[in-house]
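# Working through the structure, step by step
Letter by letter, the chains look like this.
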Amino acid sequence: ISIPIGMSFETMQMVSVNLLKEIPRWLVLGPPRSGKSNFLTSIAKSVHANDSKNWDVRYFSLRRSVPLSIEEHIRTATSVTGASQMLDEILGIFERSTKSEKQLLLLMDDLGAFFEPGREALPIALNNIALKASSREDVIIVGAGLPDELRPHQMTSKLVQSLKLSRTGICFSKDSGDLDLLSAR
């Protein structure tokens, strides 16, 4: 599935990449209003438009509402309760089989919100997902968040570690120090 990621400066042509098949873990970083949510929405729209019969897409957003353009087509969670239920459901899928009928695409917007005080069950579920997904080829995870919110969890969260160790992602920040979360300079 070709995902549009921007325009070529030289040719003004759309630049696309097959993110999901080539790289199973992506970390999208940037300050508020930099395009992280739009990027996740673009992925969801592309998957739905091009190959929805082969993908089970789940979109988590605990700080803002999910864009209407994707809400009617994919499974979404916008509350702590909804996210917990969906994560438990995904863990159940992992327990029942080693490979799903469909590829599973997890899009996690505002990843830092999962680690806020009072939400202790969410990081535990995310860690279990990361551990189980690490040995599965049918699970793609794209997490987006603010670098300052994710930095404290890079040593304690298996999910943040997994996304960081993939050394793949997009940084919408002008601060080159934010690239450390991608293990890049």
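Structural data are supplied above this passage.
Below: a short report on this structure. Along each chain, numbering runs from 1 in the same order as the chain's sequence is written. For a predicted model such as this one, the threshold for reporting local features is a pLDDT of at least 70, and the threshold for listing and counting side-chain atom pairs is 80 or more; totals across whole chains, interfaces and linings nevertheless cover every residue. Excluded from the side-chain calculation are hydrogens and water; included are all heavy atoms of the structure.

### Observations regarding the packing of aromatic side chains
- Pairing of aromatic side chains here covers Phe, Tyr and the six-membered ring of Trp, requires ring centres within 6.5 Å, and sorts the geometry by plane angle: under 30 degrees stacked, over 60 edge-to-face, intermediate tilted. With the rule as written, the count across this model stands at 2 aromatic pairs.
- Taken together, a centroid distance of 6.5 Å and an interplanar angle of 65 degrees make the contact between Phe39 and Phe172 edge-to-face. Residue Phe39 is found in helix α2 (residues 36–51), and its partner Phe172 is found in the segment after β8 (169–171); the two are separated by 133 residues along the sequence.
- Relative to Phe114, the ring of Phe60 lies with its centre 6.1 Å away and its plane at 65 degrees, an arrangement referred to as edge-to-face. One end of the pair, Phe60, is in strand β4 (residues 55–61); the other, Phe114, is in the loop between β6 (103–109) and α5 (121–133), with 54 residues separating them in the sequence. Here the two residues Phe60 and Phe114 agree in accessibility, since each one is buried. The helix and strand labels rest on DSSP assignments: H or I over at least four residues marks a helix, E over at least two residues marks a strand, and numbering proceeds from the N terminus. Exposure is judged per residue with a 1.4 Å probe applied to protein chains only, and the accessible area is read against the type maximum: over 50% gives exposed, under 20% gives buried, and values in between give partly exposed.

### Regarding the layout of surface pockets
- Here a cavity denotes grid points, spaced 1 Å and computed from the protein atoms alone, that fit a 1.4 Å probe unable to get out, and a pocket denotes an open set having protein on both sides within 12 Å along at least 5 of 7 lines; residues with an atom within 4 Å of a point are the lining. Grid points are joined across faces, edges and corners, and a volume is the space filled by probe spheres set on the points. Of the pockets and cavities examined, the largest pocket occupies roughly 280 Å³.
- Lining the largest pocket are 17 residues; nearest its centre among them are Arg33, Lys36, Ser37, Asn38 and Arg64.
- Among the secondary structure elements, those contributing two or more residues to the lining of the largest pocket are α2 and β4.
- If you tally residues by element for the lining of the largest pocket, the top one is α2, at 4 residues.
- Throughout this entry, Asp, Glu, Lys and Arg are counted as charged residues, while Ala, Val, Leu, Ile, Met, Phe, Trp, Tyr, Cys and Pro are counted as nonpolar. The remaining residues, Gly among them, count as polar. Here the lining of the largest pocket is built from residues that sort into 4 nonpolar, 7 polar and 6 charged.

### Digging into the packing of helix α4 (residues 80–96) against α5
- Packing of α4 against α5 leaves a shortest axis separation of 10 Å and a crossing angle of 25 degrees. It follows that α4 is roughly parallel to α5 by the angle criterion. The chirality of how α4 crosses α5 is left-handed. On α5, the residues that touch Val80, Ala83, Ser84, Leu87, Ile90, Leu91, Phe94 and Glu95 of α4 are Leu122, Ala125, Leu126, Asn128, Ile129, Lys132 and Ala133.
- Taken together, the residues of the contact of α4 with α5 sort by class into 11 nonpolar, 2 polar and 2 charged. Between N-to-C directions, angles span 0 to 180 degrees; the directions come from axes that are lines fitted to C-alpha atoms, helices contributing only their stretch in contact. For this classification, under 35 degrees means roughly parallel, over 145 means roughly antiparallel, 65 to 115 means roughly perpendicular, and everything else is oblique. Note on convention: near helix rotated counterclockwise from far helix by under a right angle means a left-handed crossing. Clockwise means right-handed. Should any heavy atoms of two residues lie within 4.5 Å, those residues are considered in contact.

### Topic: helix α7 (residues 158–165)
- Considered for burial, the residues of α7 that qualify are Leu159, Val160, Ser162, Leu163 and Lys164.
- In the core, the buried residues of α7 are packed alongside β3 (25–29), β6, α5, β7 (139–145) and α6 (147–150).
- Measuring from the side-chain oxygen of the N-cap residue of α7 to the backbone nitrogen of Leu159 gives 3.3 Å; that N-cap residue is Ser157.
- Count one or two residues on from α7 and you reach Arg167, which has phi positive near 55 degrees. Polar contact is defined as a pair of N or O atoms within 3.5 Å, subject to the rule that within protein one atom must be able to donate a hydrogen and the other to accept it, and that residues adjacent in sequence are counted only when both atoms are side-chain atoms.

### Section: the side chain of Arg119
- Here Arg119 shows up in the loop between β6 and α5.
- A polar side-chain atom of Arg119 sits 2.7 Å from the main-chain carbonyl oxygen of Ala113.
- Setting aside anything within four residues of it in sequence, one finds Arg119 in contact with Leu62, Val80, Ala113 and Phe114.

### Considering a nonpolar patch on the surface
- By definition, no residue in a patch forms a salt bridge, and every one has over 30% relative accessible area; like charges are joined within 9 Å, nonpolar side chains (Val, Leu, Ile, Met, Phe, Trp, Tyr) within 5 Å. In short, Shrake-Rupley with a 1.4 Å probe defines the accessible areas, and a residue's cover is counted only from the protein chains shown. A carboxyl oxygen of Asp or Glu within 4 Å of a side-chain nitrogen of Lys or Arg is what we treat as a salt bridge. A surface patch of nonpolar side chains, about 340 Å² in accessible area, is lined by Met7, Met12 and Met14.
- Within the secondary structure, Met7 is located in strand β1 (residues 3–7).
- Take Met7: its relative accessible area is 47%, and that puts it in the partly exposed class.

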